[in-house]
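# Per-entry structural report
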Amino acid sequence: MSTESNRPTATLSRAARPGKSTHRPEWRTAGYCASLCLAGCSSGSSGSSLPNTLPNFDTATFSNPPAVDNPYFTLIPGRVTTFFGESPDSSEVIVIEVLEDTREVSGVTVVVVQDRVFEDGLLLEDTHDWFAQDDAGNVWYMGEEVDNYEYDDEGNVTNVDHEGAWEAGQDVLGLGTTARPGFLMKATPAPGDVYNQEYYKGEAEDLGEVVALNVDVTLSDGSMHTCLQIRDYSALSSGAGEYKYFASGIGLVLEENVGGDDPVELRGSFTPGENAVPDFGAAIFSDPTQIDNPFLPFTEGVVHAYVGGAEDEIETIVVEVLDTTRDVMGVTCAVVRDRVFGDD
């Protein structure tokens, strides 16, 4: 096992999202052809037109495919995760939600994940991605529905296309070839592993390469993670691709181009349900009106005013911490008055 002193380290200002690149085409290539046939990949005897790096879907078994609990890529229904990145010209927000929905793809029940990309507040891409986990623990990427949006200078939608859509076992574009699924995440990734993440000849030929284990990553909020590093690239492009960093028990935390620029990083996630509700019964309130949390302090008598506006309206918000209290569920609470004013 690597020691702290010899681990590769990536200390970055920002960082990423699972399953795809922040820019189309989804995966960019390293400019070389991997000839290594990995364990679990199809051999040349399965079809001369298929790459040796294509996992063998026909031999995989799926007893409970929607239960995706690979430690590097866990899908919990209802979980919403956000990522953020910025450049000198724009900012990007990515919102990923694991839906309660499932569907059948190539005879396998898959989890549906909605992935939305916003640039400067405008929705650029809205996809529904399909994933399944086999009995060995490999997570398969089974296809996606895609809506890509274009806008005019006023922010009005001018065009919607579906570039990048594919479905395992289908020829959705009528190319005369059947799309095949690949690994989104291996059960036991090891440095040097190379595998197709999807294969739709001439349209989607994305690959992953396991670069390293135990890579130390520091995000802009100061959080530190020990990560699996994977390089995503495409056999259809000459670019070097991008690095993705996955932390066990969390998932994707950082994405950046191989050159180290355009990072997109994890900002947070929320999972609804009983386990997400704080245990009020276990809380102790010795002096509940003394609210001195550094991120949300409430000091009696303090008044804050906020002003914002659009092109045709100015809005003022006045927040005042009153000198009164009231009891709620046996706890004495501070009272905060919040008023919103329009132009009038």
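For the structure, see preceding data.
Read on for a plain summary of the structure. If you're wondering where the values come from, they're calculated on a predicted model, not measured in any experiment. (Residues numbered from 1 in each chain as written. Predicted model: local features only at pLDDT ≥ 70, side-chain atom pairs only at ≥ 80, totals over all residues. Heavy atoms only, no water.)

This part is about the sheet that holds strand E20 (residues 314-328). Here we have three strands laid out as an open sheet, ordered E19-E20-E21, and antiparallel in their pairing. Strands at the two margins of the open sheet, each flanked by one partner only, are strand E19 (303-309) and strand E21 (331-341). With strand direction ignored, the average angle separating the axes of adjacent strands in the sheet is 25°. Pairing of E20 with E21 involves 10 bridges; the strand directions are antiparallel. Bridge pairing links Val 321 to Val 336 in E21. (Pairing = 2+ DSSP bridges. Helix = DSSP H or I, 4+ residues; strand = E, 2+ residues; numbered from the N terminus. Axes fitted to C-alpha atoms, helices over the stretch in contact; angles between N-to-C directions.)

Let us now look at the side chain of Glu 265. Structurally, Glu 265 is set in strand E18 (residues 264-270). Within polar-contact distance, the side chain of Glu 265 engages the side chain of Ser 220 at 2.3 Å. (Polar contact = N/O pair within 3.5 Å; in protein donor to acceptor, adjacent residues only side chain to side chain.)

Below, the discussion takes up a nonpolar patch on the surface. Together, Phe 280, Phe 285, Val 328 and Met 329 line one region of the surface with nonpolar side chains, adding up to about 420 Å² of accessible area. Looking at where Phe 285 falls in the secondary structure, it is placed in the loop between E18 and E19. Relative accessible area serves as the criterion here: at 40%, Phe 285 is assigned to the partly exposed category. (Patch = residues over 30% accessible without salt bridge, like charges linked within 9 Å, V, L, I, M, F, W, Y side chains within 5 Å. Areas by Shrake-Rupley, 256 points an atom, 1.4 Å probe, with all protein chains shown as cover. Salt bridge = Lys/Arg side-chain N within 4 Å of Asp/Glu carboxyl O. Buried < 20%, exposed > 50% of the residue type's maximum accessible area, 1.4 Å probe, protein only.)

Function cannot be read off these values alone, since they describe shape.
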